[in-house]
Amino acid sequence: RRMPPIISVSHLSKTYGSGLKALNDVNLDIERGEIFALLGPNGAGKTTLISIICGIANPSAGTVSVDGHDNIKDYRAARSMIGLVPQELHTDAFESVWATVSYSRGLFGKPANPAYIEKILRDLSLWDRRDSRIMTLSGGMKRRVMIAKALSHEPQILFLDEPTAGVDVELRKGMWDVVRTLRDAGVTIILTTHYIEEAEEMADRIGVINKGEIILVERKAELIQKLGKKRMTLHLV
Ligand code: ATP
């Protein structure tokens, strides 16, 4: 028997005060253990969708269930299941890598677990820099610290909002490896991207979002086949 989806989004809409419809009747299921890429251009509604699923923002209509919990009514029940890496860096330049990640775990009221923190820092190739202050790290390392922070409380679901925006090709590949390592460890991953190559490289399934509507959800291989020559047009939207 198939497991129920870990996340289920139903008839979700969001209209901002300006009257702008950022999301229009979005329906989406995320399967346990998959890497799902939300692919779309600037302003498509990716960040809005993620923040509503995570329980940070309210929708105008619709429901979100996370592991069976109504995440609109009360996000707290599923809060510790979710890790979120926003687009912007949120770290203290003065703190060390180790302190940043352990402190983040403490915010969830979880007992200290140095062995687990060591494991994620090793997975993210940050172990050698555990005592470095955040300010002294490269941009790619700072992004990995953000991921380590988001993983500090051992979430089952990880959201990555444009993890490779403004990142050079080498670092982008490193990020892809990191995401696959996490998936292999059993984490369900939802990421957003502007790049079709990136979605194809990383995801098991891809959802294309444009102007607040999900216009296509496919397994990767089928999407590549379907798009064929239209692929380039999509890339340029
Ligand atoms: P990007 O790739 O640039 O991050 P996105 O796909 O994440 O874009 P959103 O940030 O969700 O898109 O924005 C969707 C639409 O909603 C855009 O037109 C944006 O200007 C608008 N929007 C987002 N946040 C707000 C807000 N707080 N108030 C009003 N409009 C907003």
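These numbers were taken from a predicted model, which means no experiment stands behind them.

(A) Seen up close, the side chain of Ser-13. For Ser-13, the position within the fold is in strand β1 (residues 7-15). Assessed through its relative accessible area of 12%, Ser-13 is described here as buried. Beyond its immediate chain neighbours, meaning those up to four positions away, Ser-13 contacts Leu-23, Asn-24, Asp-25, Pro-59, Ser-60 and Ala-61.

(B) Structural detail: helix α4 (residues 114-123). Listing the buried residues of α4 in full gives Tyr-116, Ile-117, Ile-120 and Leu-121. The buried residues of α4 all sit within an arc of 135° when viewed along its axis, so they share a single face. For α4, the elements touching its buried residues are α3 (97-106) and α5 (139-151). Where α4 terminates, the next one or two residues include Ser-125, which has phi positive at roughly 55°.

(C) Quick look at the nonpolar core. In terms of nonpolar packing, the biggest core is built from 40 residues, with Ile-147, Leu-158 and Ile-189 touching the most fellow members. It is α5 that contributes the most residues to this core, seven residues altogether. With sequence-adjacent residues up to four places away left out, Ile-189 is seen in contact with Glu-34, Ile-35, Phe-36, Leu-158, Leu-160, Val-179, Leu-182 and Arg-183. Formed by 25 residues, the second largest nonpolar core is a distinct cluster that contains Ile-7, Leu-23, Val-26 and Ile-190.

(D) Just the site of the ligand, in detail. In the vicinity of the ligand, 14 residues are found, and the nearest of them are Asn-42, Gly-43, Thr-47, Thr-48 and His-194. Take Asn-42: an N or O atom from its side chain is 2.7 Å from an oxygen atom of the ligand. At 2.7 Å, a side-chain N or O of Thr-47 approaches an oxygen atom of the ligand. Contact with the protein chains hides 62% of the accessible area of the ligand, taken as 640 Å² for the molecule alone. With three residues, helix α1 (residues 46-53) is the largest single contributor of residues to the shell around the ligand.

Cut-offs and rules
Every chain begins its residue count from 1, and numbering advances along the sequence as written. Local features in a predicted model are, by the rule used here, given only for residues with pLDDT of at least 70; side-chain atom pairs are given and counted only at 80 or more, and totals for whole chains, interfaces and linings are based on all residues. Based on all heavy atoms of the structure, the side-chain values leave hydrogens and waters out of the count. Secondary structure elements are defined from DSSP: runs of H or I of at least 4 residues count as helices, runs of E of at least 2 residues count as strands, and each element is numbered from the N terminus. The buried label applies to any residue whose accessible area, calculated with a 1.4 Å probe on protein chains only, is under 20% of its type's maximum; exposed applies above 50%, and partly exposed to all values in between. In what follows, residue pairs with any heavy atoms lying within 4.5 Å of each other are defined as contacts. Note that the arc is computed from the directions linking the helix axis to the C-beta atoms. Residues belong to a common nonpolar core when they are buried Ala, Val, Leu, Ile, Met, Phe, Trp, Tyr or Cys residues joined through side-chain atoms within 4.5 Å. Proximity criterion: a residue is near a molecule or strand once any of its heavy atoms comes within 4 Å of it. In protein, a polar contact means a hydrogen-donor-capable atom and an acceptor-capable atom, both N or O and within 3.5 Å, with residues adjacent in sequence counting only if both atoms are side-chain atoms; elsewhere, any N or O pair within 3.5 Å suffices. Per-residue and other accessible areas follow the Shrake-Rupley method at a 1.4 Å probe size, with only the shown protein chains counted as cover for residues.

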